[in-house]
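Structural description and commentary
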Amino acid sequence: MSQETDKLYQQMLALIEQLNDYSYAYHVKDQPKVPDAEYDRCYLELQAIEQQHPEWLQINSPTQRVGEKPDNGFANVAHTVPMLSLDNAFDNPALEDFDQRIRKLLNTDKVQYCCEPKLDGAAISLRYEDGVLVRGVTRGDGLSGEDITSNIKTIHSVPLKLRTENPPAVVEVRGEIYMPKEGFEKLNKLALEKGEKMFVNPRNAAAGSLRQLDPKITAARPLVMCAYSIGYAEGWQQPASHYDGLVQLGEWGFRINDLMMQVEGAQACIDYYDKLNEQRGSLSYDIDGIVYKVDQIALQNQLGFIARAPRWAIARKFPAQEEMTQIEDVDFQVGRTGAITPVARLKPVFVGGVTVSNATLHNKDEIARLGIQVGDWVIVRRAGDVIPQIVQVLTERRPEQAKAVSFPDACPVCQSDLEQVEGEAVIRCTGGLVCGAQLKESLKHFVSRKALDIDGLGDKLIEQLVDQGLVKTPVDIFTLHENKDSLLNMERMGQKSVEKLLASIDKAKHTQYNRFVYALGIREVGEATARALTKHFDALDELLTASPEALIEVDDVGPVVAQHVSHFFAQTQNIDTIQGLLSAGVEWPKKQQLPESELPLLGKTYVVTGSLSRFSRDQVKDKLQQLGAKVSGSVSAKTDCLVAGEKAGSKLAKAQSLDIPIMDEEAVIAMLTELGAI
Ligand code: IVH
């Protein structure tokens, strides 16, 4: 090798190491070291060298994460050691029985357990020879599974090579591949918009993604692998406890669950369950229970197995997030933007901790995809705070009198024509504010807490005001004081409540520029976009006349939003409404006093979580932003400070683990006061 060629070769090795290090920091540690653009730059540089010298290709190069398609499906491979399943305990007494059984068999008073969240994905066994990933196999029937190595390699949290100089000759690492909730929701939202098949739950999405014959499809799916045990090893002395084994896997570059914990005795196991059951909704991934494992490996070996499950471990399941019920009817609702949404009325069912009696069916395609009929038995899923979904029709249970659902061919409220934009799944009413339903929804949005925040103007009252013709546009809200008598005649409105309502309408006239723009209800313009627009265009006039090209310049505004915004302001009736509101006295403080470069929190990223008592979370966020801070929804290494109110959950835990400064309500109020925001 010439000196120059050798230099290029060394450069390639350095790039591989650098990129793998960035990738580990990002995908395993959640602490990105460089911006994505820098990663991409190094990746391209590496790719160029590899193309020039294909003979140099390294097995752990990040470019090897997307491989060739397997020709004939996946080969079946026997597991070196069977992949077992777990027995279930459905309540505390069953868990106590388990602990008692173990104590008796081991003839001891107290047993140490390792408690871990039971991740809801697909099990995988990864074989490393001399530290290099050689095979990834699904659980299959526990004795043998499918070789899905090319797909596994596309998952960034799976190390292609162990991060150690002295790897075992052979080690088989077992773990769960899962799809975090956010990625799952994005994937399904995209499928819904395109009218494609949606996944029932993150577990099915993970399993389905792994079984794609084309690894490029798997690569595009947001999958994560978390290691939970060592299945088999050669040429290596395993640590004495399961917990230390997992810590070792962490050091080798695997993601391990940061909530795992060593505890002693049954009561501590129950406490752990209770704590996680509470946190479950706020975790970024689905868990369906807790796994308890006797921690000492020597004791595990002593206890052994019965049939297909170990005696030394048990799964305690959380309450179900999926239940069965029947569709009693399907109604069609008209939303603020005219979208017609079918809603299933259900026989009430208790699922995911609440009683569910309605579920959205999203759009016409979704009805067809599910093949739903009135009278059908369906599976309803409610996970965390996510709205309930119908995920499957149990066609084999379909009653004889089941009736097909027919989508209306005119607006069910105002009888205007319906339209469907090509390539979109939504069908909309063309009536605009002539449509009573759209008017009501627009008004509800206009007065809502994050918009003009008019207290006392609830949904029921808005419905009456529209039905009686007293309010035809948002401007009419500000002339309601001229109609006091009519207000007094409304249901549940006495002298006092009318006075209160009029006072809060008056108060709402003094608002903020970003709230005003949000309140207009422009399609796709949520709170954050409204804020970005008003930050970019200092004066309303500039925003009203901005071209789509100028709008695209705004942070987070793409061509679709730009189109919606400019279309909205091109409608004379919208401009009339805006003028009407301004004439009625709606106003906001003009321009910030400080030039941007002097804002005291410029460049700082804050996250606000938990419940606050003196101010709402949104008010605190507004004030932090006024002072120049960026407010983010999730904690990462880039967070400068977490504001944590009462009952702060996983964000607080994460901030603590990352050593991020934490402020309570009192501290943040003191800071905001000092900086003049309060
Ligand atoms: S241990 C012998 N730990 O649950 C021990 N399993 O029925 C076997 N799972 O399909 C597994 N999280 O994929 C273990 N922290 C965890 C787990 C876990 C999820 C899955 C596993 C298997 C099923 C067991």
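Provided above is the structure to which this section pertains.
Owing to the predicted nature of the structure, the values given are computational and were not obtained by experimental measurement.

Helices and strands together make up the secondary structure of the protein, namely 24 helices and 26 strands. Since a compact globule built from 678 residues should have a radius of gyration of about 26 Å, the 29 Å found for the protein is in line with a globular shape. In terms of overall dimensions, the protein has C-alpha extents of about 85 × 75 × 55 Å along its principal axes. Counting over 678 residues, the protein shows a buried share of 47%. As presented, the protein carries roughly 34,200 Å² of accessible surface, and 47% of it is formed by carbon and sulfur atoms. Averaged over its 74 positive side-chain charges, the protein has a centre that lies 3 Å from the centre of its 95 negative ones.

Turning next to helix H22 (residues 617-626). Residues Asp 618, Val 620, Asp 622, Lys 623 and Leu 624 constitute the buried set of H22. Tucked into the core, H22 has its buried residues touching helix H16 (513-519), helix H17 (527-536), strand E23 (605-609), strand E24 (630-632) and helix H24 (665-674). Looking one or two residues beyond H22, the residue adopting positive phi is Gly 628, at roughly 100°.

Of all residues adjacent to the ligand, which total 14 residues, the nearest are Glu 116, Leu 119, Glu 176, Tyr 228 and Lys 293. In this structure, an oxygen atom belonging to the ligand sits 3.2 Å away from a main-chain N or O atom of Leu 86. Here an oxygen atom of the ligand sits 2.8 Å away from a polar atom, N or O, in the side chain of Tyr 228. Relative to its unbound accessible surface of 510 Å², the ligand loses 87% to contact with the protein. Elements represented by at least two residues in the shell around the ligand include exactly strand E3 (112-119) and strand E10 (287-294). Residue composition of the shell around the ligand, by class: 9 nonpolar, 1 polar and 4 charged.

On to the packing of helix H1 (residues 3-27) against helix H2 (residues 36-52). When two helices pack together, you describe them by how their axes are tilted relative to each other and by the distance separating the axes. Closest axis-to-axis distance for the H1/H2 pair is 10 Å, and the angle between their directions is 145°. Where H1 crosses over H2, the handedness of that crossing is left-handed. In this structure, H1 uses Leu 8, Gln 11, Met 12, Leu 15, Ile 16, Leu 19, Tyr 22, Ser 23 and Tyr 26 to contact H2, whose residues at the interface are Asp 36, Glu 38, Tyr 39, Cys 42, Tyr 43, Glu 45, Leu 46, Ile 49, Glu 50 and Gln 52. In terms of residue class, the contact of H1 with H2 is made up of 12 nonpolar, 3 polar and 4 charged.

With that settled, consider the environment of Pro 62. Along the chain, Pro 62 falls in the loop between H2 and strand E1 (76-78). Accessibility expressed as a relative area gives 4% for Pro 62, which makes it buried. Considered as a pair, Pro 62 and Lys 153 are 91 residues apart in the sequence and their alpha carbons are 9.2 Å apart. Once residues lying within four places of it in the same chain are set aside, the contact partners of Pro 62 are Ile 16, Leu 19, Asn 20, Tyr 39, Tyr 43 and Leu 46.

Turning our eyes to something else, we now look at the pattern of salt bridges. Counted by the stated rule, this structure contains 30 salt bridges. Notably, a salt bridge pairs Asp 21 with Arg 163, separated by 3.4 Å at the nearest N-O pair. On the criterion of sequence distance, the pair formed by Asp 21 in helix H1 and Arg 163 in the loop between helix H4 (149-152) and strand E7 (170-178) is long-range, its members being 142 residues apart. Residue classification places Arg 163 among the partly exposed positions, given a relative accessible area of 38%. Notably, a salt bridge pairs Arg 127 with Glu 172, separated by 2.7 Å at the nearest N-O pair. Here Glu 172 lies in strand E7 and Arg 127 lies in strand E4 (residues 122-129), a separation of 45 residues in the sequence.

Within the secondary structure layout, His 362 lies in the loop between strand E16 (354-360) and helix H11 (364-370). Within the structure, the side chain of His 362 is placed 3.0 Å from the side chain of Gln 389, a separation counted as a polar contact. For His 362, the residues in contact, after removing those within four places along its chain, are Leu 192, Ile 340, Thr 341, Pro 342 and Gln 389.

A word on the packing of helix H12 (residues 436-447) against helix H13 (residues 459-467). For the pair H12 and H13, interaxial distance at closest approach is 10 Å and the crossing angle is 135°. With respect to H13, the axis of H12 lies oblique. The handedness of the crossing between H12 and H13 is right-handed. Across the interface between the two elements, Gly 436, Leu 439, Lys 440, Leu 443, Lys 444 and Val 447 from H12 touch Asp 459, Ile 462, Glu 463, Val 466 and Asp 467 from H13.

Evaluation of the coordinates by the stated rule reveals 11 aromatic pairs. Ring centres 5.6 Å apart and planes at 85° place the aromatic pair Tyr 128 and Phe 254 in the edge-to-face group. Of this pair, Tyr 128 sits in strand E4 while Phe 254 sits in the loop between helix H8 (242-251) and strand E9 (261-264), and the two are 126 residues apart along the sequence. For the pair Tyr 128 and Phe 254, a shared accessibility class is recorded, and that class is buried. For the ring pair Tyr 513 and Trp 588, a centre distance of 5.5 Å and an interplane angle of 5° mean the geometry is stacked. With Tyr 513 in helix H16 and Trp 588 in the loop between helix H21 (572-583) and E23, this residue pair connects regions lying 75 residues apart in the sequence. The residues Tyr 513 and Trp 588 share a single accessibility class, namely buried.

Okay, the pairing of strand E15 (residues 340-351) next. Note: strand E14 (residues 322-334) against E15, 7 bridges, orientation antiparallel. By the bridge assignment for E15, Val 330 is matched with Ala 344. Taking the residues between adjacent antiparallel strands as the criterion, E14 and E15 are bridged by 5 residues, where Gly 338 takes a positive phi near 90°. Direction of pairing for E15 relative to E16: antiparallel, over a ladder of 6 bridges. The partner of Val 349 across the bridge, within E16, is Val 356. Following E15, the chain reverses through 2 residues before pairing antiparallel with E16; Gly 352 in that reversal takes a positive phi of roughly 55°.

Cut-off values and rules
Sequence positions are assigned chain by chain, starting from 1 and proceeding in written order. At least 70 in pLDDT is required for a residue's local features to be given in this predicted model, at least 80 for side-chain atom pairs to be given and counted, and no such filter applies to totals for whole chains, interfaces and linings, which use all residues. Only heavy atoms go into the side-chain values, all of them from the structure, while hydrogens and water stay out. Secondary structure elements follow DSSP: runs of H or I of four or more residues count as helices, runs of E of two or more count as strands, with numbering from the N terminus. Two things to know: the radius of gyration comes from C-alpha atoms, and the globule rule equals 2.2 Å times the number of residues to the power 0.38. Only protein chains enter the accessibility calculation, which uses a 1.4 Å probe. A residue is then buried if its area is under 20% of the maximum for its type, exposed if over 50%, and partly exposed in between. Computed by Shrake-Rupley with a 1.4 Å probe, the accessible areas treat only the displayed protein chains as cover when residues are assessed. When charges are tallied, Lys and Arg are placed among the positive residues and Asp and Glu among the negative ones, while His and the ends of the chain are skipped. Charge coordinates come from a single atom per side chain, which is NZ of Lys, CZ of Arg, CG of Asp or CD of Glu. Between two residues, a contact is recorded if the distance between any of their heavy atoms is within 4.5 Å. In these notes, residues near a molecule or strand are those with any non-hydrogen atom within 4 Å of it. Under the rule applied, a polar contact is a pair of N or O atoms within 3.5 Å (in protein, one hydrogen donor and one hydrogen acceptor; residues adjacent in sequence only if both atoms are side-chain atoms). Three categories are distinguished: nonpolar for Ala, Val, Leu, Ile, Met, Phe, Trp, Tyr, Cys and Pro, charged for Asp, Glu, Lys and Arg, and polar for the others, with Gly belonging to the last. Geometry is summarised by axes, namely lines fitted to C-alpha atoms with helices restricted to the contacting stretch, and by angles between N-to-C directions that run from 0 to 180 degrees. Definitions for this section: a left-handed crossing has its near helix turned counterclockwise from the far helix by less than a right angle. A right-handed crossing has that turn clockwise. Salt bridge, as used here: a side-chain nitrogen of Lys or Arg that lies within 4 Å of a carboxyl oxygen of Asp or Glu. Roughly parallel here means an angle under 35 degrees, roughly antiparallel means over 145, roughly perpendicular means 65 to 115, and every remaining angle is called oblique. A pair of Phe, Tyr and Trp rings is counted when the ring centres sit within 6.5 Å of each other, with Trp represented by its six-membered ring. The angle between the planes then sorts it: under 30 degrees is stacked, over 60 is edge-to-face, the rest tilted. Strands qualify as paired when DSSP identifies two bridges or more between them.

No statement about biological role is implied by the geometric values presented.
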